[in-house]
Protein chains: 2
Amino acid sequence: MDAHTLTEARPAGGADPMAAQPPTFLESLLAAGLLIQTGVRGLYGRSAVFEGIADGLNAAFTRIGADQNAEVLRFPPAIGKDDFETSEYLKSFPQLAGTIHSFCGDDRGHRQLLARLEDKQDWTDQQQFTGVVMTPAACYPIYPVIGKRGPLPAEGKIVDVMSYCYRHEPSLEPTRMQLFRQREYVCLGSPERIVAFRELWMERGLAFGRALQLPVEVDVANDPFFGRGGKIVADSQRELKLKFELLIPVNDGAPPTACMSFNYHMDHFGALWHIGLHDGGVAHTGCVGFGIERLVLALLKHHGLDPARWPQAVRETLGGI
Amino acid sequence: MDAHTLTEARPAGGADPMAAQPPTFLESLLAAGLLIQTGVRGLYGRSAVFEGIADGLNAAFTRIGADQNAEVLRFPPAIGKDDFETSEYLKSFPQLAGTIHSFCGDDRGHRQLLARLEDKQDWTDQQQFTGVVMTPAACYPIYPVIGKRGPLPAEGKIVDVMSYCYRHEPSLEPTRMQLFRQREYVCLGSPERIVAFRELWMERGLAFGRALQLPVEVDVANDPFFGRGGKIVADSQRELKLKFELLIPVNDGAPPTACMSFNYHMDHFGALWHIGLHDGGVAHTGCVGFGIERLVLALLKHHGLDPARWPQAVRETLGGI
């Protein structure tokens, strides 16, 4: 790792490369080759060791959720414009969304583009929106799909999803990546069904965190709603206890990181996509989300950068990585 | 599946929903639930069965490549602006690239955005380029990483990558998705090393296709270089036999589909990212790419939509799916 890389990985304010400071957690991860620099904050490659831990976590969540009779659905990391607009994500988190744009011009436009590139000017002015938007959370693609199928079965429904998600929030904290994976179980049904589902998974999440010998706690939380108006929505979300998070200290000298979340959406998605209950009402929904990268990082932080030297019980909980 | 979905899935020209035409391959895949509509051409969800076949293929490629001593690297489906510009992808395929853009405004800008959305007008005019570009091919992220490490070992190097890739080419052919996975082995070293690597993998690719009981052939090919000037580059690529493809008939009444490709880049990437040979020259590179979705589709086309009823030998080749 060269000096430029080290400097890049050090937060502003501690940027004196001559000072004998201990490496930050991000610097240690990069030096060990577990994460790989791409020149963009929050965009990293992963080593085989990192991916092995991620695979172990995913397999463990499959085992823990085996009794949920979940339908497995997998989507690429993007959704269509219409579903994205319907989701009202732009109302709450316009700053985080990523839209995909492409060059749609002819030979002449192409020559302009290449000339700008050559002159080190901005060449993206000709890029046009493709109608495809990066997935902001792994469960977003499933609501329109389930809504189109007609009313839910009497017992409701559980879906198992996993996807890379995009959020535009460049950061030097390794736990805040621009592209990261979420594994989720999503529950659709009556309000009672969702509340019970969330209770069950808060218990399972805590038990899993303890089995991994991590210092876990669950607390009420809120999403980072945009702008001045967003504060009111966030306060209301906290007051109604719609979001809980499983927190683990990961970053140097920072508050603990949300590594799982347990969400009750009330009838928000059910109403937007006409997801109907068996008896005719609007379905409520909730989801439990596991931040795969954040959990890998929590394990590396607390048990060290070499999984071969982790406690045996932790390795067994992850299926023997 | 509703009538709208069926109409969407039928190519223009055969769009009369009253005519008693047999379903297209895409319609059959959607009706069987193997692929799931998102409202965008070339953007589909995948069922558990589809993903099981994809996993079987990936595991098989890992087994087939076990003797390659490959370094496993995994990247999210995007790369940084600087590496993307260096790659010269914009010179050859500006029409296929996808740049990610975000809203970077304030409360006032947000109100404008929401007003446009409310009025069903274009709301993307405030989106700004984030400096992150969708990965166009799975191997793109690795060249800058390897280049920064210093000269290659004397025997060269092989890297194992897998990633979702984006290409802006909306299509009704299920084999031409906007987001799809590529698994690749990438070889970096002397020209002789790359040529031998490519020969080996053409043999292995053909043998694997035959073990899957698919009608395979390998032929020289060219990439879809942009514009009028692109034809000259494409002709040169064919003449120099830089690209071979493993072809399988998949789409109704269309030419066979490239399901694997075997590429020799000469010193293109080595020169761009200063990848050095052990003895000081510029490294040559080559890669073998497996189109995961295309191979799944080829299997479904030739052996039927229910893998439980596929020939036993084919299922065993995929590790017993």
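Residues numbered from 1 in each chain as written. Chains lettered and ligands numbered in written order. Predicted model: local features only at pLDDT ≥ 70, side-chain atom pairs only at ≥ 80, totals over all residues. Heavy atoms only, no water.

- As annotated in an unreviewed UniProt entry, chain A carries the name Seryl-tRNA synthetase SerS2-like protein and comes from Cupriavidus metallidurans.

### A word on the overall build of chain A
- A count of helices and strands for chain A gives 12 helices and 12 strands.
- On C-alpha atoms alone, chain A measures out to a radius of gyration of 21 Å, which is about the 20 Å that the 2.2 N^0.38 rule sets for 321 residues.
- Once the C-alpha set of chain A is aligned to its principal axes, its extents read approximately 65 × 60 × 35 Å.
- When the 321 residues of chain A are sorted by exposure, 57% land in the buried category.
- Residue pairs in contact within chain A that sit at least 24 positions apart in sequence constitute 69% of those at least 6 positions apart. (Helix = DSSP H or I, 4+ residues; strand = E, 2+ residues; numbered from the N terminus. Rg over C-alpha atoms; globule rule 2.2 N^0.38 Å. Buried < 20%, exposed > 50% of the residue type's maximum accessible area, 1.4 Å probe, protein only. Contact = heavy atoms within 4.5 Å.)

### As for the sheet that holds strand S12 (residues 284-291) of chain B
- Overall, mixed pairing links the nine strands, which are arranged S1(A)-S2(A)-S3(B)-S7(B)-S8(B)-S12(B)-S11(B)-S10(B)-S9(B) in an open sheet. If you trace the sheet from one side to the other, it starts and ends with strand S1 (35-37) of chain A together with strand S9 (217-220) of chain B, each paired once. Here the strands of the sheet are splayed against their neighbours by 25° on average, with no regard to which way each runs.
- Direction of pairing for strand S2 (residues 44-47) of chain A relative to strand S3 (residues 71-74) of chain B: antiparallel, over a ladder of two bridges. Bridge assignment links Ser47 of chain A to a residue of S3 of chain B, and that residue is Leu73 of chain B. (Pairing = 2+ DSSP bridges. Axes fitted to C-alpha atoms, helices over the stretch in contact; angles between N-to-C directions.)

### Things to note about the domain arrangement of chain A
- We note that the domain assignment places domain 1 (47-83 + 136-317) and domain 2 (99-129) within chain A.
- A separation of 38 Å is found between the C-alpha centroids of domain 1 of chain A and domain 2 of chain A. (Domains from an automatic or database assignment.)

### Here we look at the interface of chain B and chain A
- Each side of the interface is counted separately: chain B has 59 residues, and chain A has 59 residues.
- Buried surface at the junction of chain B and chain A, summed over both partners, amounts to about 4,900 Å²; 68% is from carbon and sulfur atoms.
- On the chain B side of the interface with chain A, the three residues burying the most area are Pro76, Leu90 and Trp123 of chain B, jointly 11% of the side's total.
- Across the pair Arg228 of chain A and Asp107 of chain B runs a salt bridge, and its minimum N-O distance is 3.2 Å.
- Element by element, the count of residues in the side of chain B that touches chain A is highest for strand S6 (residues 127-134) of chain B, at six residues.
- Per-class residue counts for the side of chain B that touches chain A are 31 nonpolar, 19 polar and nine charged. (Buried area = accessible area lost by both parts, 1.4 Å probe. Salt bridge = Lys/Arg side-chain N within 4 Å of Asp/Glu carboxyl O. Nonpolar A, V, L, I, M, F, W, Y, C, P; charged D, E, K, R; others polar.)

### Here we look at the environment of Asp219 of chain B
- Mapped onto the secondary structure, Asp219 of chain B falls in strand S9.
- Here Asp219 of chain B is in contact with Lys243, Phe244, Glu245 and Leu247 of chain B, once residues within four sequence places are set aside.

### Points about the side chain of Asp160 of chain B
All names here are of chain B.
- Within the element layout of this structure, Asp160 appears in strand S7 (residues 157-166).
- Of the polar contacts made by the side chain of Asp160, one reaches the side chain of Arg183; its length is 2.9 Å.
- Aside from chain neighbours lying at most four places away, what touches Asp160 is Ala70, Glu71, Val72, Leu73, Arg74, Arg183, Glu184 and Tyr185. (Polar contact = N/O pair within 3.5 Å; in protein donor to acceptor, adjacent residues only side chain to side chain.)

### Regarding the confidence of the model for chain A
- Chain-level statistics for chain A give a pLDDT mean of 94 and a share of 94% at 70 or above.
- Under a pLDDT of 50 for its full length, residues 1-9 of chain A has, in the predicted model, 15 contacts with residues more than four places off or in other chains. (pLDDT = per-residue confidence, 0-100.)

### Remarks on the pairing of strand S5 (residues 99-103) of chain B
- Among the five residues that make up S5 of chain B, five are buried, leaving the element largely enclosed by the rest of the structure.
- What you see with S5 of chain B is no split at all: Thr99, His101 and Phe103 of chain B on one side and Ile100 and Ser102 of chain B on the other are buried throughout.
- Judged from the three bridges that link them, strand S5 (residues 99-103) of chain A and S5 of chain B form a sheet pairing that is antiparallel. The residue bridging His101 of chain A from the neighbouring strand is Thr99 of chain B, located in S5 of chain B.
- Judged from the five bridges that link them, S5 of chain B and S6 of chain B form a sheet pairing that is antiparallel. Bridging from a neighbouring strand, Phe103 of chain B pairs with Gln127 of chain B of S6 of chain B.

### Notes on helix H11 (residues 292-303) of chain A
All names here are of chain A.
- Between the first and last C-alpha of H11 there are 16 Å, a value that for 12 residues agrees with the 16 Å anticipated at 1.5 Å per step.
- Here H11 lies mainly inside the structure; nine of its 12 residues are buried.
- Of all the residues in H11, the buried ones are Ile292, Glu293, Leu295, Val296, Leu297, Ala298, Leu299, Leu300 and His303.
- The positive-phi residue at the C-terminal boundary of H11 is Gly304, with phi of around 100°. (Expected span 1.5 Å × (residues − 1).)

### Quick word on the environment of Ile232 of chain A
All names here are of chain A.
- Along the chain, Ile232 falls in helix H9 (residues 227-239).
- For Ile232, a relative accessible area of 62% puts it in the exposed group.
- As for Ile232 and Phe290, which are separated by 58 residues in sequence, their C-alpha atoms are 27 Å apart.

### Quick notes on the sheet that holds strand S4 (residues 78-80) of chain A
- Spatial strand order, S4(A)-S6(A)-S5(A)-S5(B)-S6(B)-S4(B): six strands in an open sheet with antiparallel pairing. Each edge of the open sheet is held by one strand with a lone partner, namely S4 of chain A together with strand S4 (78-80) of chain B. Direction aside, neighbouring strands of the sheet carry axes that sit 50° apart on average.
- Relative to S6 of chain B, S4 of chain B is paired through three bridges, and the arrangement is antiparallel. Across the sheet, the residue bridging to Gly80 of chain B is Val132 of chain B, located in S6 of chain B.

### Some points on the relation of the copies chain B and chain A
- Between the two copies, chain B and chain A, the superposition gives an RMSD of 0.0 Å; the rotation angle is 180° and the shift along the axis is 0.0 Å. The relationship between the two copies is best expressed as a two-fold rotation axis. Ranked by how close their C-alpha atoms come to the rotation axis, the residues of chain B are headed by Ile100 of chain B, at 2.4 Å. (Least-squares fit on C-alpha atoms with pLDDT ≥ 70 in both.)

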